Amino acid sequence: MTITVFLGSLLGAMALGVPIAFALLLCGVALMWHLDLFDTQILAQNLVSGADSFPLLAVPFFMLAGEIMNVGGLSRRIVNLALTLVGHVRGGLGYVTIMAACLMAALSGSAVADAAALAALLLPMMVAAGHDKARSAGLIASAGIIAPVIPPSIGFVIFGVAANVSISKLFMAGIAPGVMLGAALWFTWWWVARREQLTPPPRRSRGEVLAALREASWALVLPVIVVVGLKMGVFTPTEAAVVAAVYALVVATCVYRELPFNRLYAVFVDAAKTSAVVMFLVAAAMVSAWLITVAGLPALVVGLLEPFMGNQTLLLVAIMLLVFFVGTAMDMTPTILILTPVLMPVIKQAGIDPVYFGVLFMINNAIGLITPPVGAVLNTVAGVGKVGMDEVTRGVLPFLTAQFALLMLMVLFPALVMVPASWFY
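These figures come from a predicted structure and were not determined experimentally.

What counts, and where the lines are drawn
- Here the residue index of a chain counts from 1 through its sequence in written order.
- Local features are withheld for residues below a pLDDT of 70 in this predicted model, meaning they are given only at 70 or higher, and side-chain atom pairs are given and counted only at 80 or more; totals for whole chains, interfaces and linings count all residues.
- Each side-chain value is worked out from all heavy atoms of the structure, with water and hydrogens disregarded.
- Helix and strand assignments come from DSSP, with helices taken as H or I runs of at least 4 residues and strands as E runs of at least 2, each series counted from the N terminus.
- Two things to know: the radius of gyration comes from C-alpha atoms, and the globule rule equals 2.2 Å times the number of residues to the power 0.38.
- Burial classes follow relative accessibility: with a 1.4 Å probe on protein chains only, a residue under 20% of its type's maximum area counts as buried, one over 50% as exposed, and anything between as partly exposed.
- Pairs of residues are marked as contacts when any of their non-hydrogen atoms sit within 4.5 Å.
- In this description, a nonpolar core means a group of buried Ala, Val, Leu, Ile, Met, Phe, Trp, Tyr and Cys residues linked to one another through side-chain atoms lying within 4.5 Å.
- Each helix should span, by expectation, one fewer than its residue count multiplied by 1.5 Å.
- Two axes define the bend at a residue: one fitted to the seven residues ending there, one fitted to the seven starting there, and the bend is the angle between them.
- Working convention: axes come from line fits to C-alpha atoms, limited for helices to the stretch in contact. Angles between N-to-C directions cover 0 to 180 degrees.
- The labels follow the angle: roughly parallel below 35 degrees, roughly antiparallel above 145, roughly perpendicular from 65 to 115, and oblique for the rest.
- Amino acids are sorted into nonpolar (Ala, Val, Leu, Ile, Met, Phe, Trp, Tyr, Cys and Pro), charged (Asp, Glu, Lys and Arg) and polar (every other residue, Gly among them).
- When a carboxyl oxygen of Asp or Glu is within 4 Å of a side-chain nitrogen of Lys or Arg, the pair counts as a salt bridge.

**What about the overall build of the protein?**
Argument step 1. In terms of regular secondary structure, the protein is built from 20 helices and 0 strands.
Argument step 2. For the protein, whose C-alpha radius of gyration is 21 Å, the value lies close to the compact-globule estimate of 22 Å for 425 residues.
Argument step 3. Across its three principal directions, the C-alpha atoms of the protein cover 70 × 50 × 45 Å.
Argument step 4. For the protein, with 425 residues in total, the buried portion stands at 54%.
Argument step 5. Look at the contacts in the protein between residues 6 or more apart in sequence, and 78% of them connect residues 24 or more apart.

Take a look at the structure:
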């Protein structure tokens, strides 16, 4: 009955068009009535304490860093560097998209921001070069979801707080899988674009390559600072977010000088609005998370998954399929916040490494960003690139399939994740 009340109230509120954060609060109130615990003071305390977290301060600072990078010219220089390196090969603009997405992922951590920047910069170029518009938009969307996997990742911060898992370890463990996602896209693009008879642009001269590298060097230093700083214990993930925001601000205003001081207010407001949405979601989800624990829902889920508990691989396959289907109807942040308190007791009881599960969980949630009908990144690329949603969906299918197949390989062979992760710990 408790599961029925939880799912019925949550899905019912969402079906009525209630925003996710308020749907989570309504779900919490419904559970409180069901458990005969209704108390507005408890509701308010959990709502406030849900956002009162030092690690969660990383979210607004990474959001701010991403806004500054896009407005201040850092993202554009990364794209230009990739263009000079591989733009001349057959299908080169596709490889430029993948390379630029991996580099930008190490700067912002936001899939929507990266996909929007790539769609604005590269989609017109790919169409002008003769590439199929739907396929190009699909590649850009699928490349954008590398951002939540490669550090710094806002998704890892939220999962780490919700699951009480080391955010630094999650960051380090996400590096190799993020690169693997890029490699899967690289191979898939080669496969789907190999029959295109397009004339690539001429190879850039060594001088042009060096000039592009010099221009992008300030942007490329940022991920090195973050990763090395975390690895050496110089700062925490939250402090890394502050370093990223301050560094991006200095580079955009004083080095590249593309962000005038009179535009700073607008950039800060945009970052604050985006951060407010995420933080309110987190706060509302913590109310439901507390009630989920009080109601004993994790124990009920453990009971439902009991047939798989003796085999870690089968259990992970079942969970990954569940998360995938949830991701088709729900955005990444609420999916993390709702499912994490339910699934983590199952993972711990089965003896699965929480960091390993966190990487799989994050990749699956990232894939959910490009699954219709809700996929936030699909909608972003469709809007920015002025492409029909049905076209973007058609174009993304081969890349989505490749990324989900890679996820299943990581489930079957945990060493693909954990062996590279041990290099960075």
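**Focus: unusual backbone geometry**
Argument step 1. Pro151 connects to Pro152 through a cis peptide bond whose omega is 5°.
Argument step 2. Note that Pro152 resides in the loop between helix H8 (133-144) and helix H9 (154-163).
Argument step 3. Positive phi, normally seen in glycine, also occurs at Arg257, with a value near 55°.
Argument step 4. Within the secondary structure, Arg257 sits in the loop between helix H12 (237-255) and helix H13 (264-295).
Argument step 5. On the basis of relative accessible area, Arg257 is assigned to the exposed category, the value being 68%.

**Section: the nonpolar core**
Argument step 1. Formed by 150 residues in total, the largest nonpolar core has its most connected members in Val59, Phe159, Ile319, Phe357 and Val377.
Argument step 2. In terms of residues, this core owes the most to one element, H13, which gives 12 residues.

**So, helix H19 (residues 389-412)**
Argument step 1. Here H19 is 24 residues long and its end C-alpha atoms lie 33 Å apart, about the 34 Å a rise of 1.5 Å per residue gives.
Argument step 2. Its maximal kink placed at Leu397, H19 deviates by approximately 45°, while the proline Pro398 follows within four residues.

**So, the environment of Pro334**
Argument step 1. If you trace the backbone, Pro334 turns up in helix H16 (residues 332-349).
Argument step 2. Discounting residues that sit within four places of it in the chain, Pro334 has contacts with Ile20 and Leu281.

**Some words on H9**
Argument step 1. For H9, the buried fraction is high: 8 of the 10 residues fall into the buried class.
Argument step 2. Every buried residue of H9 is accounted for by Ile154, Gly155, Phe156, Val157, Ile158, Phe159, Gly160 and Ala163.
Argument step 3. Positive backbone phi, at 55°, marks Asn164, one or two positions downstream of H9.

**Brief notes about the packing of helix H4 (residues 58-71) against H9**
Argument step 1. In the contact formed by H4 and H9, the axes pass within 10 Å of each other and the chain directions differ by 175°. Taken together, the axes of H4 and H9 lie roughly antiparallel to each other. Here Ala58, Val59, Phe62 and Met63 of H4 come into contact with H9, specifically with Ile154, Val157 and Ile158.
Argument step 2. The residue makeup of the contact of H4 with H9, split by class, is 7 nonpolar, no polar and no charged.

**Things to note about the pattern of salt bridges**
A pair can form between side chains of opposite charge whenever their charged atoms are brought close.
Argument step 1. Under the definition given, this model contains 3 salt bridges.
Argument step 2. Residues Arg76 and Glu258 are paired through a salt bridge, measuring 2.2 Å at the closest nitrogen-oxygen approach. In this pair, Arg76 is assigned in helix H5 (residues 74-86) and Glu258 in the loop between H12 and H13, connecting sequence segments 182 residues apart.
Argument step 3. Assessed through its relative accessible area of 40%, Arg76 is described here as partly exposed.
Argument step 4. Between Arg77 and Glu215 there is a salt bridge, with the nearest N and O atoms lying 2.9 Å from each other. Highlighted residues: Arg77 in helix H5 and Glu215 in helix H11 (residues 206-232), separated in sequence by 138 residues.
Argument step 5. Judged by relative accessible area, which is 40%, Glu215 ranks as partly exposed.
Argument step 6. Taken together, the shared-partner salt bridges connect Arg76, Arg77, Glu215 and Glu258 into one network.

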